[in-house]
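The residues making up each chain are set out below.
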Amino acid sequence: MNFERHPTPPQLFRQFERGEISREELHASLAVHARGLIAEMVEEQRNPKTSYLERLRNFAAARKLAKKHGAAKIREILSTLGAIETFPPAQILWNAGHADVPLHCFFRSKIEPVFRVTRLEIQPMMVSLDVEYGPHPRDKTIRESILLQRNALLELELVDRFETS
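Note that this is a predicted model, so its numbers are computed, not measured. (Residues numbered from 1 in each chain as written. Predicted model: local features only at pLDDT ≥ 70, side-chain atom pairs only at ≥ 80, totals over all residues. Heavy atoms only, no water.)

Draft legend 1. The nonpolar core, seen in detail. Ile77, Leu78, Leu81, Phe87, Leu93, Phe115 and Leu129 are the most contacted members of the largest nonpolar core, which totals 25 residues. Once you skip the residues sitting within four places of it in the chain, Leu81 turns out to touch Phe87, Ala90, Leu93, Phe115, Leu129 and Ile146. (Core = buried A, V, L, I, M, F, W, Y, C linked by side-chain atoms within 4.5 Å. Buried < 20%, exposed > 50% of the residue type's maximum accessible area, 1.4 Å probe, protein only. Contact = heavy atoms within 4.5 Å.)

Listed below in structure tokens is the structure:
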């Protein structure tokens, strides 16, 4: 299993507002997202022990990053990653800026498709991080180094992104 290549809901709404897609296409695309969430909930019900262990691992990953850098900065970084149209994990990160969604929901340690932050360095105007995503086996995951920088409005934006081995 891998991240599906569908536009995220914010991308869909932008396309709709620009007149690129019809209301019916918007609803159909949002239904695809809803079916994906429902499928994950059904899978969680089928394997409660596996889901519980995954939730504990994701809590630990989120807690570790939040303790070191602060939850607000982690959300800002994840939200910026979720806005990158060609970044496959944007499928799970697009609403990272919403404080009502728990931070641990954006990490996937072992259940596919995985999303892990393996390195994170935060400076006042720049963020450098390494992420892994895709299939669970580490030899099959995609590893990327990403460089984000604050623009004139002090918002993070993508500067560089490249795959590492």
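Read on, since the account is not over.
Draft legend 2. The sheet that holds strand β2 (residues 126-134), seen in detail. If you walk across this open sheet you meet the 4 strands as β1-β2-β3-β4, and the pairing is antiparallel. A single partner strand is all that each edge strand has here, and the edge strands are β1 (114-122) and β4 (156-164). Across the sheet, the mean angle separating the axes of adjacent strands is 20° when strand polarity is ignored. Of the strand pairs in this sheet, β2 and strand β3 (residues 142-150) are connected by 8 bridges, and their pairing is antiparallel. Along β3, the bridge assignment pairs Ser128 with Leu147. (Pairing = 2+ DSSP bridges. Helix = DSSP H or I, 4+ residues; strand = E, 2+ residues; numbered from the N terminus. Axes fitted to C-alpha atoms, helices over the stretch in contact; angles between N-to-C directions.)

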